Amino acid sequence: GIGDIQDAVLHQCKKSTSGVTVSQIGRALARRNYPRDLIVKAIDTLVKMEEIEVVQTAPGTRGRPTTRYRYVG
């Protein structure tokens, strides 16, 4: 269920200190065949519950701005 996906996403966020992107989470959970829309939904829910936070790349840094998710804990 969605709880399993949330646990898996939370685990990925805990492993990284700088935060993880949606695509990194998707690749890490590829074996489990979770639908991408449910992964995004789980991320949104975890952000609303303040379990994880959104980290935006600072403007002025090189490359495309990326949205990362970091464990709050």
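See the structure printed just above.
Given the structure is predicted, the values throughout are model-derived calculations rather than measurements.

1. A few points about the overall build of the protein chain
- What the protein chain contains, in helices and strands, is three helices and two strands.
- Each helix and strand of the protein chain, ordered N terminal to C terminal, gives the series α-α-α-β-β.
- Its C-alpha atoms give the protein chain a radius of gyration of 12 Å, within 12% of the compact-globule value 11 Å for 73 residues.
- Total accessible area on the protein chain stands at roughly 5,100 Å², and carbon and sulfur atoms take up 49% of it.

2. Considerations on the pattern of salt bridges
- Under the criterion given, the structure shown has one salt bridge.
- Here arginine 70 makes a salt bridge to glutamate 53, at a shortest N to O gap of 2.7 Å. Separated by 17 residues along the polypeptide, arginine 70 in strand S2 (residues 67-71) and glutamate 53 in strand S1 (residues 52-56) bring together distant segments of the chain.
- Given the relative accessible area of 29%, arginine 70 is considered partly exposed.

3. Overview of the nonpolar core
- Val9, Cys13, Ile25, Ile39, Ile43 and Ile52 are the most contacted members of the largest nonpolar core, which has 15 residues in total.
- Residue assignment for this core shows that the elements contributing at least two residues are helix H1 (2-15), helix H2 (22-28) and helix H3 (36-48).
- Residue contributions to this core peak at five residues, all from H1.

4. Notes on H3
- For H3, spanning 13 residues, the distance from its first C-alpha to its last is 19 Å, which sits close to the expected 18 Å at 1.5 Å a residue.
- Listed in full, the buried residues belonging to H3 are Ile39, Ala42, Ile43 and Leu46. With its buried residues spanning 100° around the axis, H3 presents them on a single face. Projecting away from the buried face of H3 at angles above 90 degrees are the exposed residues Asp37, Lys41 and Lys48.
- Taken together, the buried residues of H3 touch H1, H2, S1 and S2.
- Immediately beyond the C-terminal end of H3, within one or two residues, lies glutamate 50, with a positive phi of roughly 60°.

Reading guide: rules and limits
Residues numbered from 1 in each chain as written. Predicted model: local features only at pLDDT ≥ 70, side-chain atom pairs only at ≥ 80, totals over all residues. Heavy atoms only, no water. Helix = DSSP H or I, 4+ residues; strand = E, 2+ residues; numbered from the N terminus. Rg over C-alpha atoms; globule rule 2.2 N^0.38 Å. Areas by Shrake-Rupley, 256 points an atom, 1.4 Å probe, with all protein chains shown as cover. Salt bridge = Lys/Arg side-chain N within 4 Å of Asp/Glu carboxyl O. Buried < 20%, exposed > 50% of the residue type's maximum accessible area, 1.4 Å probe, protein only. Core = buried A, V, L, I, M, F, W, Y, C linked by side-chain atoms within 4.5 Å. Expected span 1.5 Å × (residues − 1). Arc of directions from axis to C-beta. Contact = heavy atoms within 4.5 Å.

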